[in-house]
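Results of the structural survey
Now for the letters of each chain:
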Amino acid sequence: MKEPQSLETNRLASNIMNNSTSIDEEHVCKLVLYMEIPSINVRVWDVAILIPNLIFMMYLVTKFSRARLKLRAANSPIFFTFYCLVLFNVFTSILRCLISMTLNFSNLAADSINITLWILVKCFFLATEMSVVVFALAFGHMESRSSIRYVLITTSFISLAYSASQGALEIFMPDSIFRINSKDLNLFGHGGIVFWLISSVVFTMLYLLILVLPQTRLREKLALPVNRSFYVYVSLLAQLNGIGSIGCAFLLLKITEGLCIVDVTTFLYFTLFTPLVYITFLSSFFSVSQSSIMFSYKAQNDDRVEEDTVSLPHQPSFSSLKTDSDYIYQTDNIYNNTRFSVSDRQIANPLYNASLQSPDSITGYSMDEQTIDIEEQKK
């Protein structure tokens, strides 16, 4: 007897969501995810991700003194923020690998801890990934602590929501592709193939949209980044997500080779993403004596005057009236490149206002003709 069409549709949808595709546990692309080194009982997958991150961390340690001095001299919140994100991401990735190496995966608790660590690292990486793009596109013309704080908070909430959804799927709807029956454990499946496919396609489309923005009329309305390295960064992430979505699609079509594709993209993401951010946004800053910020910059009125962020273009020197009048007191435009706004420069003392003018331009006073009546002042 033929089943009703509605039942067939429900069964098909259930098979797609649960992804009942069976992949042999001895398949090389599945075996590499849980195979252990016999002598030390450590997973090969964790070692493969740990080594590149350790090498990059050693590189950062050797450059730390120079980076600290350069960041202090530049006093740039943008570069300081990205440097902290790079350090934090590589540290958490190494920590995850080390903790996973110490777990005994013969019990359920170790399985849950391992999945939780993967989700946390993915959350941090995703927040960094989005903050770079959001800052470049929406706040690229600013270099203020308030803008950076707003970007980080926003991207952190988005990343947290994404990771919470991913974690819920991992716990309540584990993907059968990442199930190891012989060891009674579930590998980290990125929320399942369907969730992974959808997110990979979405990020691919977003990155492709960023790549085509300079070719549209929006380039006249948006302050788009002009540095070529930023678009190389976006292009690489678009390719990585695109290839990953192809691998997920293959798995949904029951093509087991798709697991090899997603393994490669996962390995590249968790080993090369942080160095890519460093090379794109920080390497040139630390390598030259006088750096130029990748993002254009202009003053804004939402910043408060802070002691560590305000720098005057020129200090008055009363030993040289010509220098002062020529370089300090010409126009208000000289302050356009500082963090002062016109409203911030309301000086209450009129004598101080007079001192910010050329001596030859003060009303009632001339270098050639003395017009000040001392007797009137005494009255």
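Read on for an overview of the structure. (Residues numbered from 1 in each chain as written. Predicted model: local features only at pLDDT ≥ 70, side-chain atom pairs only at ≥ 80, totals over all residues. Heavy atoms only, no water.)

Helix and strand content of the protein chain: 14 helices and 4 strands. Within the protein chain, the fraction of its 379 residues that count as buried is 41%. Considering only contacts within the protein chain whose residues lie at least 6 apart along the sequence, 71% involve residues at least 24 apart. Put simply, the protein chain shows about 22100 Å² of open surface, and 62% of that area lies on carbon and sulfur atoms. (Helix = DSSP H or I, 4+ residues; strand = E, 2+ residues; numbered from the N terminus. Buried < 20%, exposed > 50% of the residue type's maximum accessible area, 1.4 Å probe, protein only. Contact = heavy atoms within 4.5 Å. Areas by Shrake-Rupley, 256 points an atom, 1.4 Å probe, with all protein chains shown as cover.)

Further remarks concern the state of the cysteines. All chains considered together, the criterion is met by 1 disulfide. Between the sulfur atoms of Cys 29 and its disulfide partner Cys 260 the distance amounts to 1.6 Å. Taking the sign of the S-S torsion, about 90° here, the bridge from Cys 29 to Cys 260 comes out right-handed. Residue Cys 29 is found in helix α2 (residues 28-34), and its partner Cys 260 is found in helix α10 (residues 257-281); the two are separated by 231 residues along the sequence. (Disulfide = S-S within 2.5 Å.)

Time to look at empty space enclosed by the protein. Empty space among the atoms can be located by rolling a probe the size of a water molecule over them. For the structure shown, the criterion picks out 5 cavities of 30 Å³ or more. The computed volume of the largest cavity comes to approximately 250 Å³. Lining the largest cavity are 17 residues, with Lys 122, Trp 196, Ser 200, Asn 241 and Tyr 269 positioned closest to its centre. For the lining of the largest cavity, the secondary-structure elements that each account for two or more residues are α6 (108-138), α7 (145-172), α8 (193-212), α9 (228-252) and α10. When grouped by side-chain class, the residues that make up the lining of the largest cavity number 7 nonpolar, 8 polar and 2 charged. A volume near 150 Å³ is recorded for the second largest cavity. Lining the second largest cavity are 14 residues, with Leu 33, Trp 45, Trp 118, Leu 187 and Phe 188 sitting closest to its centre. Among the secondary structure elements, those contributing two or more residues to the lining of the second largest cavity are α3 (44-62), α6 and α10. Residue composition of the lining of the second largest cavity, grouped by class: 8 nonpolar, 3 polar and 3 charged. (1 Å grid on protein atoms, 1.4 Å probe; cavity = no way out; pocket = protein on both sides within 12 Å on 5 of 7 lines; lining within 4 Å. Points joined across faces, edges and corners; volume = space filled by probe spheres on them. Nonpolar A, V, L, I, M, F, W, Y, C, P; charged D, E, K, R; others polar.)

Look at α3 against helix α5 (residues 77-102): their axes get within 9 Å of each other, and the N-to-C directions meet at 145°. Every pair of crossing elements has a handedness; the one defined by α3 and α5 is left-handed. Between α3, through Asp 46, Val 47, Ile 49, Leu 50, Asn 53, Leu 54, Phe 56, Met 57 and Leu 60, and α5, the contact on the second element is made entirely by Tyr 83, Val 86, Leu 87, Val 90, Phe 91, Ser 93, Ile 94, Arg 96, Cys 97, Leu 98, Ser 100 and Met 101. A per-class count over the contact of α3 with α5 returns 16 nonpolar, 3 polar and 2 charged. (Axes fitted to C-alpha atoms, helices over the stretch in contact; angles between N-to-C directions. Left-handed = near helix turned anticlockwise from the far one by under 90°.)

Positive phi values are uncommon outside glycine, yet Asn 41 reaches one of about 55°. Here Asn 41 shows up in the loop between β1 (36-37) and β2 (42-43). With phi around 60°, His 190 is a residue other than glycine that occupies positive phi space. By the secondary structure assignment, His 190 is in the loop between β4 (185-186) and α8. By relative accessible area, which is 8% here, His 190 ends up buried.

The next thing to look at is the environment of Thr 81. For Thr 81, the location among the structural elements is in helix α5. Given the relative accessible area of 16%, Thr 81 is considered buried. Between the C-alpha atoms of Thr 81 and Arg 145, which are 64 residues apart in sequence, the distance is 9.5 Å. At 2.7 Å, the side chain of Thr 81 and the backbone oxygen of Pro 77 are in polar contact. (Polar contact = N/O pair within 3.5 Å; in protein donor to acceptor, adjacent residues only side chain to side chain.)

Moving on: α7. Between its terminal C-alpha atoms α7 stretches 40 Å, which fits the 40 Å expected from 28 residues at 1.5 Å a residue. Among the residues making up α7, those that are buried are Ser 147, Ile 148, Val 151, Thr 155, Ser 159, Tyr 162, Ser 163, Gln 166, Gly 167 and Glu 170. (Expected span 1.5 Å × (residues − 1).)

On to α9, then. Taking 1.5 Å as the rise per residue, α9 with 25 residues should run 36 Å; its terminal C-alpha atoms sit 36 Å apart, in good agreement. In the stretch just after α9, Lys 254 is the one whose phi turns positive, near 65°.

Under the definition given, this model contains 23 aromatic pairs. On the basis of an interplanar angle of 90° and a centroid distance of 5.9 Å, the ring pair of Tyr 59 and Tyr 278 is categorised as edge-to-face. Remark: Tyr 278 occurs in helix α10 and Tyr 59 occurs in helix α3; sequence separation between them is 219 residues. A relative accessible area of 37% means that Tyr 59 is categorised as partly exposed. Consider the rings of Tyr 162 and Phe 195, whose centres lie 5.2 Å apart with planes at 40°: the pair is tilted. With Tyr 162 in helix α7 and Phe 195 in helix α8, this pair connects stretches of sequence that are 33 residues apart. For Tyr 162, a relative accessible area of 16% gives the class buried. Among the aromatic residues, those joined into a ring-pair cluster are Phe 56, Tyr 59, Phe 79, Tyr 83, Tyr 278, Phe 285 and Phe 286. The ring of Phe 285 carries Lys 70 above its face, with NZ or CZ at 4.7 Å from the centroid. (Phe/Tyr/Trp six-rings, centres within 6.5 Å; stacked < 30°, edge-to-face > 60°. Lys NZ or Arg CZ within 6 Å of the ring centre and 35° of its normal.)

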